[in-house]
Amino acid sequence: MDTLLFRHATDVDAEKVAALHTESWRDAYRTIMPDWYLDGPIAKERVNLWQSRFSTSDPDRQHILLAESGGKLVGFICVLLDEEPQCGAYIDNLHVLPGLRGNGIGRRLFAGAAQWVMSTEPMWPIHLWVFEANIGARRFYDASGGEIIEYKSKEVLKGIEIPSVLYIWKDLRQLLFNLTRRSGGSL
Ligand SMILES: CC(C)(COP(=O)(O)OP(=O)(O)OC[C@H]1O[C@@H](n2cnc3c(N)ncnc32)[C@H](O)[C@@H]1OP(=O)(O)O)[C@@H](O)C(=O)NCCC(=O)NCCS
């Protein structure tokens, strides 16, 4: 893999982010979400989501961090401050290109998101929802010291509920420590 570069996304990145989002869902959620959705409407829906997110959201209240390698998007994370503020900053998406998972990209994106939250809302925790059956991502969150505070079936598509888990990180300094300790303290 070429050197990784990290940068903030802007509206011109909407289609690239949507394409990676779609590819990652098709791979990671193949046995979790219905095929008709993954093979059909998801692609257009993701484009709509990212175009709307870039055009309507307050840029100071969201953080979309991209990881690129050789000029290609290989991962991204999105943090929203005002989506579920009762649990702190909300990570709505964290995705790494299927062929490049397990190389530390997710860890570095997560650390970048945590650093941004610490500088923007220093006292806030971070939380996210993950599908109960998404074992790979849950291992990543467990290894990062995430605490499970709720299990709930969430309606992700009209009429389709999927069992999900709410993870929270209350101490972001500890989170950063957990994310870096396997690599000798560096990111
Ligand atoms: C979850 C995800 C973002 C993690 O990113 P990544 O780049 O693969 O993860 P990293 O390489 O940074 O892994 C860091 C640690 O997490 C753990 N981990 C990550 N993926 C794992 C997996 N599939 N199985 C087991 N452990 C895993 C490992 O302990 C790893 O530590 P190590 O490198 O010291 O062994 C990525 O695997 C992904 O995109 N998954 C599919 C999409 C998804 O489910 N997103 C989350 C939605 S809530």
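Anyway, here's the lowdown on the structure attached to this text. Bear in mind that the values here come from a model prediction, so they are computed numbers and not experimental data. (Residues numbered from 1 in each chain as written. Predicted model: local features only at pLDDT ≥ 70, side-chain atom pairs only at ≥ 80, totals over all residues. Heavy atoms only, no water.)

Take the environment of phenylalanine 131 next. Along the polypeptide, phenylalanine 131 turns up in strand 5 (residues 126-131). Along the chain, phenylalanine 131 and glutamine 174 lie 43 residues apart, while their C-alpha atoms are 24 Å from each other. (Helix = DSSP H or I, 4+ residues; strand = E, 2+ residues; numbered from the N terminus.)

Of all hydrophobic cores here, the largest spans 49 residues; its most connected members are Trp50, Phe110, Ile126, Tyr141 and Trp169. The biggest single contributor to this core is helix 4 (residues 105-120), with 8 residues. Each residue touching tryptophan 169, except ones within four places of it in the same chain, is listed here: Phe110, Pro125, Ile126, Leu128, Tyr141, Ser144, Gly145, Gly146 and Leu175. Judged by nonpolar contacts, the second largest core, of 10 residues, contains Trp25, Ile32, Met33 and Phe131. (Core = buried A, V, L, I, M, F, W, Y, C linked by side-chain atoms within 4.5 Å. Buried < 20%, exposed > 50% of the residue type's maximum accessible area, 1.4 Å probe, protein only. Contact = heavy atoms within 4.5 Å.)

In space, the 7 strands of this open sheet follow the order 1-2-3-4-5-7-6, with mixed pairing throughout. Two strands lie at the open edges of the sheet, namely strand 1 (4-8) and strand 6 (147-157), each paired on one side alone. Between one strand and the next, the sheet's axes are offset by a mean angle of 25°, whatever the strand orientation. In this structure, strand 4 (residues 89-96) lies alongside strand 5, joined through 2 bridges in parallel fashion. Across the sheet, the residue bridging to alanine 89 is isoleucine 126, located in strand 5. In the packing of helix 3 (residues 42-56) onto the sheet, contacts are made with strand 2 (62-69), strand 3 (72-80) and strand 4, and the angle to strand 3 comes to roughly 55°. (Pairing = 2+ DSSP bridges. Axes fitted to C-alpha atoms, helices over the stretch in contact; angles between N-to-C directions.)

Below, the discussion takes up the pairing of strand 3. Most of strand 3 sits inside the fold, with 8 of its 9 residues counted as buried. In terms of strand pairing, strand 2 meets strand 3 through 8 bridges, oriented antiparallel. Each bridged residue has a counterpart across the sheet, and for glutamine 62 the counterpart in strand 3 is leucine 80. Pairing of strand 3 with strand 4, which is carried by 6 bridges, proceeds in the antiparallel orientation. Looking across to strand 4, one finds that isoleucine 77 is bridged to leucine 94.

With that out of the way, let us pick up the site of the ligand. Taken together, 23 residues surround the ligand, and among them Leu94, Val96, Gly104, Gly106 and Asn134 come closest. Leucine 94 is positioned such that a nitrogen or oxygen atom in its backbone is 2.8 Å from a nitrogen atom of the ligand. Between an oxygen atom of the ligand and a main-chain N or O atom of glycine 102, the distance comes to 2.9 Å. In isolation the ligand has 900 Å² of accessible area, and contact with the protein removes 79% of it. Where the shell around the ligand is concerned, the elements lending two or more residues are helix 1 (14-28), strand 4, helix 4, strand 5 and helix 5 (135-143). For the shell around the ligand, the element with the highest residue contribution is helix 5, accounting for 6 residues. Looking at the shell around the ligand, its residues break down into 11 nonpolar, 8 polar and 4 charged. (Near = heavy atom within 4 Å. Polar contact = N/O pair within 3.5 Å; in protein donor to acceptor, adjacent residues only side chain to side chain. Areas by Shrake-Rupley, 256 points an atom, 1.4 Å probe, with all protein chains shown as cover. Nonpolar A, V, L, I, M, F, W, Y, C, P; charged D, E, K, R; others polar.)

Turning our eyes to something else, we now look at the packing of aromatic side chains. Counted under the stated rule, the structure contains 13 aromatic pairs. Ring centres of tryptophan 25 and tyrosine 37 lie 6.4 Å apart, and the angle between their planes is 55°; this geometry places the pair in the tilted category. With tryptophan 25 in helix 1 and tyrosine 37 in helix 2 (residues 35-38), the pair connects residues that are 12 residues apart, well separated along the chain. For tryptophan 25, a relative accessible area of 12% gives the class buried. With a centroid separation of 5.6 Å and 55° between ring planes, the pair formed by tyrosine 141 and tyrosine 167 is classed as tilted. With a gap of 26 residues between them, tyrosine 141 in helix 5 and tyrosine 167 in strand 7 (residues 160-169) connect regions that are remote in the sequence. Since its relative accessible area comes to 7%, tyrosine 141 is described here as buried. Tyrosine 167 sits in the buried class, given a relative accessible area of 0%. (Phe/Tyr/Trp six-rings, centres within 6.5 Å; stacked < 30°, edge-to-face > 60°.)

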